[in-house]
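# Observations on the three-dimensional arrangement
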Amino acid sequence: AVLTPGQKLQGYQVQQVRRVPELELTAITLQHEATGAQHLHIDREDSNNVFAVGFHTPVTSDTGVPHILEHTTLCGSQKYPVRDPFFKMLNRSLATFMNAFTASDYTVYPFATTNPVDYANLRNVYMDAVLHPKLDRLDFKQEGWRLEHEVPTDTATPIQFKGIVYNEMKGQTSDANYLYYIRMQQAMYPGTTYEYVSGGDPKSITDLTHEQLLDFHKRHYHPSNARFYTYGNFPLEDHLAAIGEELRGFEKSDVPFVNKTPTHWTEPRHVETTCALDPLSPLDRQTKLSLSYLTNDVSDTFETFSMRLLSYLLLDGHASPMYKALIDSNLGSEFSSNTGFDSSSSTSCLSIGLQGVKDADVKTVQDTIRNVLEEVQKEGFDPKRIEAAIHQMELGQKHKTADFGLSIMHGITSGWFNGVDPVDLLEINKNLDRLKTELAQGNFFESRIQKYLLDNKHALSFIMRPEEKYTSDLVSEEQQRLASKVNALTEQDREQIAQDGKALLASQENVEDLSCLPTLQLGDIALKAKHTVLEHTGLCNTPVQWRTTSTNGLTYFRAISSLPSLPDDLKMYLPLFCDALLSLGTKSQSMADIDDEIRLYTGGLKASTTLSTNHSGKKNGFCLYLYKLY
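A brief look at the structure comes next. Just so you know, these numbers come straight off a predicted model, no measurement behind them.

What counts, and where the lines are drawn
Residues numbered from 1 in each chain as written. Predicted model: local features only at pLDDT ≥ 70, side-chain atom pairs only at ≥ 80, totals over all residues. Heavy atoms only, no water. Helix = DSSP H or I, 4+ residues; strand = E, 2+ residues; numbered from the N terminus. Rg over C-alpha atoms; globule rule 2.2 N^0.38 Å. Buried < 20%, exposed > 50% of the residue type's maximum accessible area, 1.4 Å probe, protein only. Contact = heavy atoms within 4.5 Å. Areas by Shrake-Rupley, 256 points an atom, 1.4 Å probe, with all protein chains shown as cover. Patch = residues over 30% accessible without salt bridge, like charges linked within 9 Å, V, L, I, M, F, W, Y side chains within 5 Å. Salt bridge = Lys/Arg side-chain N within 4 Å of Asp/Glu carboxyl O. Core = buried A, V, L, I, M, F, W, Y, C linked by side-chain atoms within 4.5 Å. Disulfide = S-S within 2.5 Å. Pairing = 2+ DSSP bridges.

Our next topic: the overall build of the chain. Across its full length, the chain carries 21 helices and 22 strands. Over its C-alpha trace the chain gives a radius of gyration of 27 Å, about what one expects of a compact globule, namely 25 Å for 630 residues. Oriented by its inertia axes, the alpha-carbon framework of the chain measures out at about 75 × 65 × 60 Å. Here the chain holds 630 residues, and the buried ones make up 50% of them. Considering only residue pairs separated by 6 or more positions, the chain has 76% of its internal contacts joining residues 24 or more positions apart. Split by element, the accessible area of the chain, about 30,600 Å² in all, is 51% carbon and sulfur.

With that settled, the discussion passes to a nonpolar patch on the surface. On the surface, a cluster of nonpolar side chains totalling about 450 Å² of accessible area is made up of Leu570, Met572, Tyr573 and Leu576. By the secondary structure assignment, Met572 is in the loop between helix H19 (568–571) and helix H20 (574–581). Given a relative accessible area of 60%, Met572 falls into the exposed group.

What follows covers the nonpolar core. The biggest cluster of nonpolar side chains holds 75 residues, and the ones touching the most others in it are Phe51, Tyr109 and Phe228. Looking at this core element by element, the count peaks at eight residues for helix H3 (residues 116–131). Residues Leu313, Leu314, Leu315 and Tyr323 belong to the second largest nonpolar core, which totals 45 residues.

A few words on the state of the cysteines. Disulfide: a covalent bond formed between the sulfur atoms of two cysteine residues. For the structure on display, the rule yields zero disulfides. Of the cysteine sulfurs around Cys275, a residue in no disulfide, the closest is that of Cys349, at 20 Å. With a relative accessible area of 3%, Cys275 lands in the buried category.

Both strand S3 (residues 25–32) and strand S4 (residues 38–43) contribute to a ladder of six bridges, which runs antiparallel. By the bridge assignment for S4, Thr26 is matched with Asp43. Turn length for the S3-S4 hairpin, with the two strands adjacent in sequence and antiparallel, is five residues, and the turn residue Gly36 shows positive phi of about 85 degrees. As judged from the six bridges shared by S4 and strand S11 (residues 226–232), these two strands associate in the parallel manner. Across the sheet, Ile42 pairs through a bridge with Tyr231, a residue of S11.

Below you can see the structure in the form of structure tokens.
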């Protein structure tokens, strides 16, 4: 049946129905009448169906509560009271994907499968997990943090900090690239939810209580604060009926408010911080720096599209002006981890940065970035490069993969949680048509460079330098924090810690009854797998395999060539050879020139090694991939 806006269906009201021909899909948005839950359904002839439920989870502290809640949610629910039902479902399912993610202001739980019975089973497990989790105290201690004896069964051993998320984030924040990104974001968005680490800062994780976790779930994991996403060729009515049944009994609730909009600065700011020394990098080349600019409100999808394209033109590839000025010049080894256009927050940000920089070259790098921006603002971009960038965007939307539904979900989720109509994010052709019209009028990118980059007062210069004592200071801080908590323990607290340690150990070793979990039966699975027919021909004495199918106008090409016999001591360098092949240029052309040609005429080239027992008579080979638009 053809749906129309305003139509009622299974307790939902249809809000809009839009055909998106460039992606060969129909997007339908609905709202659950009783709770206000939002639902996006992508109707597309694709057997790899996707389900996802997400919640808006902005934070007001560094305790990592949404991250720990994501973990603890997966420790069992009312209908499925077993440890880690997601993992336990792996051998009961034909899922092509199962996971959960915590972002800076939302948490999402997606899965994908081609089997309708499997889809229903997984949806039941996911829905019960997020809406009715057990959230036991011991599970919180296991997944989040706890005080526990080094040997849980021996109270003579010292008390330590333990916990899965606690240790995970200790490892994460020891990565200088991750640390650089989050510290820059904190400095860029003061007074907003983005000045906190949603994944958790180890210094603050140990302040989170079980009661705070329960309260966060109650306020945030509610249908009124949820977004549901379904994709594929399974009927929409079936999705709505099943989800609606799970939402029965819930009423509309107020959505928690957290400020996400920064106050614009009247002057640029400069922030410096430190990180650990990298023993694998030259001591005099460990400084990281960037210039970051607060740009547009992401609700303006065309401006977001335009700024992403501007970022591409400035930064992407060997032929980009920033690559030539910063990396080809050897001012640094590579772009910093925050470099590029970031539209994951409610107000986007464009950053240009470098790492592997000599401390003496910091000012030179900053001046070079500004000089390149001024030069591009005056001279504009090479029309050929703009054409190549548009070509890449057109290719990107036509390129379909087996996980296309998941790709769409990842592409629209952050905008959707920041008030953007998700269907607007899918209509690429509308933005491309407007772009071509405004490009013809002139001064398109130049005006944006002037507005957002050269004249922007909300600009941050952010520098991170290595400090020899950084790691030892972290260890000292943790020891002091631990000592403070241990010294405050009462005798009753110590007894509880000993009991909890033994109870947690026992629960981890306990053999559970998994009969409550749904499982596929043999009758639910097709007896025959789908067979792909290949046509075998030859061309210039070379065997060729052809696969004819719907590719949305793209031709995919793969060539395999046998390698000469190599000494064992050289084989370890083959991956390096493949990487270098598409980075070094040739005798007659620089890599920048070749890169422009690649981007203008193909969707990209890739070289890699392959090993096979026997493929077309080649036991060891070298592969080259590309796809081309006709």
